[in-house]
Amino acid sequence: MDSKEIIYDVPMFFKVYKDGRVEKYRKHDFAPLSDNPITGVRSKDIVIVTENNVTVRLYLPKITQNDDQKFPLLVYFHGGGFVIESAFSTYYDSYLHSLAAETNVLVVSVEYRLAPEHKIPACYDDSWAAVKWVSQQANQQGTETWLKSHADFSRVFLSGDSAGANIAHNMMMRASVDEDKLGDSLRLVGMALVHPYFGSNNPDRIWSYCCPENPKTDDPRFNPAAHPSLLSKLVCSKILICTGGKDFIRDRGWTYYQALKKCGWKGEVEIKETEGEEHVFHLVKPTCEKAKALMKWLANFFQQST
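Quantities reported herein were computed from a predicted structural model and do not represent experimental measurements.

Basis of the calculations
Counting restarts for each chain, with residues numbered from 1 along the sequence as it is written. Only residues with pLDDT of 70 or above have their local features reported here, since the model is predicted, and side-chain atom pairs are shown and tallied only from 80 upward, although totals for entire chains, interfaces and linings are computed over all residues. Hydrogens are left out, water is left out, and the side-chain values use all remaining heavy atoms of the structure. Pairing between strands requires that DSSP locate at least two bridges from one strand to the other. Secondary structure is summarised from DSSP: a helix means a run of H or I of at least four residues, a strand means a run of E of at least two, and numbering begins at the N terminus for each. Note on method: axes are straight lines fitted to C-alpha atoms, helices fitted across the in-contact stretch only, with angles between N-to-C directions ranging 0 to 180 degrees. Partly exposed residues are those whose accessible area sits between 20% and 50% of the maximum for their type, while under 20% is buried and over 50% is exposed, using a 1.4 Å probe and protein chains only. Under the convention used throughout, the expected extent of a helix is 1.5 Å for every residue step, that is, one less than its residue count. Whether two aromatic rings pair depends on their centres lying within 6.5 Å, for rings of Phe, Tyr and Trp, where Trp uses its six-membered ring; planes under 30 degrees apart make the pair stacked, over 60 edge-to-face, and the rest tilted. Contacts between residues were defined by any pair of non-hydrogen atoms, one from each residue, lying within 4.5 Å.

So, the sheet that holds strand S1 (residues 6–10)
Point 1. Here we have three strands laid out as an open sheet, ordered S1-S2-S3, and antiparallel in their pairing. Whereas interior strands pair on both sides, the edge strands pair on one side only; in this sheet they are S1 and strand S3 (22–24). Averaged over all adjacent pairs, the angle separating strand axes in this sheet is 15°, with direction ignored.
Point 2. Sheet topology note: the S1/strand S2 (residues 14–17) ladder contains four bridges and is antiparallel. Within the sheet, the bridge partner assigned to Ile6 lies in S2 and is Tyr17.

See below:
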């Protein structure tokens, strides 16, 4: 065996060589910051944790009223199976720019460390650092001007697609188990989980390699539906789950939905399915009519959930 021999391969995501090198099947580009004169959306980057390079990209919608106009605050976690993509890729930058413009929310998009170079729970720890940073702004312990002037901290949402939806759930779960960590000035209203990447009873090659501390698929972070007593503690009052009719993990979203309905959680959960569409189709085809419909579902959820 030589150092170039592949010892672990997850097609479409990554492969690992005998010498420890990791090669990703898809590399992301970098989208620069923007100040769009058409939509009025502006963006900027802020480093949260220097040593791990945990960074957030903020998207501020167009100010149409007074200088201190408030918007619902959305903390967003990008997808990519825990191993690819970035908050700074053109893929996600374009989507979140549109999300801020069309749903009229102030977005905090989180850049977290990727597996398998950084094993799970690095992605969760980085994301929690970002949520904690947001809470510090809400509790007058931070100096971020956009959030201070324009974030409505009584209407805070978590969201993500695929693995990002998994992270959003886990951040809400962490906040629910020890709510006082976030202080009294931040209110987590709801979650919007788009095509969530949760585990099932079957082995999962990404999770088992990237989470050596617990490679089994019954880990509550990966398979929350298997732990109804934990689900029932979710502190938010509203959850929207979006699935795709041809999504290869469509059943995971439905299983999560059914578990929420049965576990004793006292909030409101809704599931909406886009017929005939595959996993994260709205990122691949953002201008198609079904992607526009999904965007309207999100806009209604963020604006009506008060």
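Here's the deal with the environment of Phe82
Point 1. Mapped onto the fold, Phe82 is located in the loop between strand S6 (71–77) and helix H1 (90–103).
Point 2. Given the relative accessible area of 1%, Phe82 is considered buried.
Point 3. Considered as a pair, Phe82 and Arg113 are 31 residues apart in the sequence and their alpha carbons are 8.6 Å apart.

A few points about H1
Point 1. Counted at 1.5 Å a residue, the expected span for H1 with its 14 residues is 20 Å, and the 19 Å between its end C-alpha atoms agrees.
Point 2. For H1, every residue scored as buried is listed here: Tyr92, Asp93, Tyr95, Leu96, His97, Leu99, Ala100 and Thr103.
Point 3. Just past H1, the residue Asn104 takes up positive phi, approximately 60°.

Side note on the pairing of strand S4 (residues 42–49)
Point 1. One ladder, built from seven bridges, connects S4 with strand S5 (residues 54–60); its direction is antiparallel. Within S5, the position partnered with Ser43 by the bridge is Tyr59.

Section: the packing of aromatic side chains
Point 1. Applying the stated criterion across every chain, the model contains 16 aromatic pairs.
Point 2. Aromatic side chains Phe82 and Tyr197 sit 5.7 Å apart centroid to centroid with 45° between the ring planes, which places their arrangement in the tilted category. Taken together, the residues Phe82 in the loop between S6 and H1 and Tyr197 in the loop between strand S9 (188–194) and helix H5 (205–210) connect sequence positions 115 residues apart. Assigned by exposure class, Phe82 and Tyr197 land together as buried.
Point 3. Grouping aromatic residues by their ring pairs yields a cluster made of Phe82, Tyr124, Tyr197, Trp207 and Phe222.

Looking at the side chain of Gln137
Point 1. Within the fold, Gln137 resides in helix H2 (residues 122–138).
Point 2. Judged by its relative accessible area of 7%, Gln137 falls in the buried class.
Point 3. Apart from the residues within four sequence positions on either side, Gln137 is in contact with Gly142, Thr143, Glu144, Leu147 and Phe153.

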